[in-house]
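Chain by chain, the residues run as shown.
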Amino acid sequence: MDLEEYLFYKKKNDTNFTEKEFAKRIGVTQHQIWNIKKGRKAPSSKVAYLLEIHTNNEVDVMEMIRDFYRK
């Protein structure tokens, strides 16, 4: 699953969930999360690691990074 899908389903199933709070837990801004989910920026290794932890490995971070560098 990509980050955009994960965030969509998380918001759909948890009305208290916000991207802003998710970004804060990871230690980045909401704008950085937006850039990553839209494929405009690749996550740093630290952010990639934290994305895996905070999404319980539901987001395929390596695929996201591969897609970014294939452009």
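Attention in this report is confined to the structure presented alongside it. (Residues numbered from 1 in each chain as written. Predicted model: local features only at pLDDT ≥ 70, side-chain atom pairs only at ≥ 80, totals over all residues. Heavy atoms only, no water.)

This brings us to the pattern of salt bridges. Counted under the stated rule, the structure contains 6 salt bridges. Measuring nitrogen to oxygen at the nearest pair gives 2.7 Å for the salt bridge that ties E63 to R66. Here R66 and E63 lie together in helix α5 (residues 61–70), a separation of 3 residues that amounts to about one turn. Its relative accessible area of 26% is what places E63 among the partly exposed residues. Two residues, R70 and E63, come together in a salt bridge whose shortest N-O distance is 3.4 Å. (Salt bridge = Lys/Arg side-chain N within 4 Å of Asp/Glu carboxyl O. Helix = DSSP H or I, 4+ residues; strand = E, 2+ residues; numbered from the N terminus. Buried < 20%, exposed > 50% of the residue type's maximum accessible area, 1.4 Å probe, protein only.)

The subject of this paragraph is the environment of S44. By the element assignment, S44 lies in the loop between α3 (30–37) and α4 (45–54). What makes S44 partly exposed here is its relative accessible area of 40%. A C-alpha to C-alpha distance of 27 Å links S44 and D14, two positions 30 residues apart in sequence.

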